[in-house]
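# Descriptive structure summary
So the chains spell out like this:
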Amino acid sequence: MGNILIGVDIGGTTIKVGFFSIEGKILDKYEIPTNKNDNGNQIIPDIAHSITGKIKDLILKKEAIIGIGVGAPGFIVGDSGIVEEGVNIGWKVVKLGSELKEILQLPVFVGNDANLAALGENWMGSGNQASNFVAITLGTGVGGGIIANGQLLSGVNGTAGEIGHITVVPDGYPCNCGKNGCLETVASATGIVKQAQEIIDVNPQSNLGQHIAEHGRITAKDVFDLASAGDQDCQQIISQTGDVLGLVLSNIATIVNPSKIVIGGGVSKAGKPLLDAIKHSFSIYALERLTEVCDIDTAQLGNDAGIYGAAYLVKDNLVNNK
Ligand code: ZN
C-alpha cells in the first residue's frame, strides 16, 4: 500500500487540496477556484485534473496514493459518495465518489464538509483523538460535527450534527434553511451583525450607530473590535451569543457526553470573552458530571481542518481498519 493521503475540501469559492503523510503531516497544499457555472458540472473534472497535475509535479508514483477524501457542502447519505443538495455549489444529486474514482482510478471517500472539519480537528488539531467529541464552526453559517463512541455521526439521511439548525429562538429571524430562529441566525457572523443592527435601530447614537454612520456597514469583526475597546453594547452581544451557544452545547453534551468541545470559524476570533461566556453558560446548563469531564476550547487548524479531516477519512477507512 502507498503512504500518501489526499484531502479535498469543496467550498463555495475555492476548493482546497492537501497531500498528507499517514502521520498527518502536510506535504503540499493548494487551492483552485470553485467553478459554479453549469450547475457545478466542472467541479469534479477540475479536482481530478489538479490532482493528476500535482502528482506529476511532486514526481509521485500513483501507487503512493492510498486514496482521496472529499468534503462537500451538502447532505451525504452514509457511504454512498452521493451529495444530495450541494449547498452553494449548485449540485442537486451528484455521484461525487464514483465519478471521481472513475476518472482518477483511486479509492474515494466522501463526507459532509463540517463533519470532516470535526474529524480533522480531532485528528491533528485540538481534539487529541477524543472518542467523544463535538466541533462547531461559527462562520458565515454555523456548521457542526459530532463523534460519539469513536464514530462520526451522519444519521439516516446525512443530517446528524447540523448544529446550526437547532432552533434557539422560536419565531426568530428567517434562516437559509427555510426555518426561523436557528442557532445560525444568532451565532454566525451574519447573526452577530443582525444583533448589532437591532441595537443601532433602537439607539443610532450608540458607538455601533456612529460606526455605521461613518463606514456605511458593520461586520462581526467590527463588533469584536468595539467590544475589546470597551463598548458595552458589543460586549453584551458577545456574552448573549456565548450564552446561547453554551445552552445549545450543554444540550448536545447531554446526548454525547464529550471530553472535548471545539469552537472554530471566524466568529471564534472574538476570542476569550466569547469562550468564557460559552463556558460560563455551559456550566450553568449542563449536568455537573458533564462539565467535570468536558474541556471547551478554540479550534487550531483554521481553514485547513476540512482537508485534514478528508485525509483522515481515507486513513480511517483504509489504514486504521486493516
Ligand atoms: Zn436553519
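Here is what the cut-offs are and how they apply
- Residue positions are given per chain, counted from 1 along the sequence in the order it is written.
- Restriction of local features to residues with pLDDT of at least 70 applies here, the model being predicted, together with a cutoff of 80 or more for giving and counting side-chain atom pairs; totals for whole chains, interfaces and linings are based on all residues.
- For side-chain calculations, the full set of non-hydrogen atoms in the structure is used, while hydrogens and water are omitted.
- The criterion for an aromatic pair is that two Phe, Tyr or Trp rings (for Trp, the six-membered ring) have centres within 6.5 Å, with stacked assigned to planes under 30 degrees apart, edge-to-face to planes over 60 apart and tilted to the rest.
- Where helices and strands are cited, they refer to DSSP runs of H or I of at least four residues and of E of at least two residues respectively, numbered from the N terminus.
- Think of it in three bands: residues with accessible area under 20% of the maximum for their type are buried, residues over 50% are exposed, and the middle band is partly exposed, with areas taken using a 1.4 Å probe on protein chains only.
- Counted as donors are the N, O and S atoms within 2.8 Å of the metal, or 3.2 Å for Na, K and Ca, while water is not among the atoms, so some sites may look incomplete.
- Think of it this way: with four donors and all angles in the 85 to 135 degree range, the site is tetrahedral; with four or six donors, opposite ones beyond 155 degrees and the rest between 65 and 115, it is square planar or octahedral; otherwise it is irregular.
- Should DSSP find at least two bridges between two strands, the strands are taken to pair.
- Here an axis means a line fitted to C-alpha atoms, over the contact stretch when the element is a helix, while the angle between two N-to-C directions is reported on a 0 to 180 degree scale.
- We call two residues in contact whenever any of their non-hydrogen atoms come within 4.5 Å of each other.
- We define a salt bridge as a side-chain nitrogen of Lys or Arg found within 4 Å of a carboxyl oxygen belonging to Asp or Glu.

Inspection of every chain in the model, using the stated rule, returns four aromatic pairs. Plain terms: the ring middles of F20 and W123 are 6.3 Å apart, the flat faces sit at 45 degrees to each other, and that makes the pair tilted. Here W123 lies in helix α4 (residues 113-124) and F20 lies in strand β2 (residues 14-21), a separation of 103 residues in the sequence. For F20, a relative accessible area of 0% puts it in the buried group. Consider the rings of W123 and Y308, whose centres lie 6.3 Å apart with planes at 75 degrees: the pair is edge-to-face. Separated by 185 residues along the polypeptide, W123 in helix α4 and Y308 in helix α12 (residues 305-320) bring together distant segments of the chain. Of the residues examined, Y308 reaches a relative accessible area of 12% and is grouped as buried.

A word on the coordination of the zinc ion. For a metal with four tetrahedral donors the ideal donor-metal-donor angle is 109.5 degrees, whereas six octahedral donors ideally subtend 90 or 180 degrees. The coordination sphere of the zinc ion contains the protein donors H165 (ND1), C175 (SG), C177 (SG) and C182 (SG), at a distance range of 2.0 to 2.3 Å. Relative to the metal, the four donor atoms surrounding the zinc ion lie at angles of 106 to 118 degrees, and the coordination shape comes out tetrahedral. All donor residues of the zinc ion come from one chain, and their arrangement in sequence is H-x9-C-x1-C-x4-C.

Strand pairing in a sheet takes place through backbone hydrogen bonds and is either antiparallel or parallel in direction. Ordered in space as β3-β2-β1-β4-β8, the five strands form an open sheet in which the pairing is mixed. On the outer flanks of this sheet lie β3 (26-33) and β8 (108-112), each paired with one strand and no other. Here the strands of the sheet are splayed against their neighbours by 15 degrees on average, with no regard to which way each runs. Across five bridges, strand β4 (residues 65-72) lies against β8 in parallel orientation. When the bridges of β8 are listed, G71 appears paired with G111. Contacts from α4 reach β1 (4-10), β2, β4 and β8, with the element oriented near 105 degrees to β8. Strands β1, β2, β3, β4 and β8 of the sheet are contacted by α12, whose axis makes an angle of about 135 degrees with β1.

Summed over all chains, the structure comprises six salt bridges. Here K29 and D304 are joined by a salt bridge, their closest N and O atoms 2.6 Å apart. Taken as a pair, K29 in strand β3 and D304 in the loop between β13 (295-298) and α12 lie far apart in primary sequence, 275 residues in all. Its relative accessible area of 43% is what places K29 among the partly exposed residues. On the basis of relative accessibility, which here comes to 16%, the residue D304 falls in the buried class. D297 serves as the salt-bridge partner of K260, at 3.9 Å between the closest nitrogen and oxygen. Remark: D297 occurs in strand β13 and K260 occurs in strand β12 (residues 260-264); sequence separation between them is 37 residues. K260 sits in the buried class, given a relative accessible area of 9%. A network of salt bridges, in which partner residues are shared, links K260, D295 and D297.

Just distances and angles here, no functional claims.
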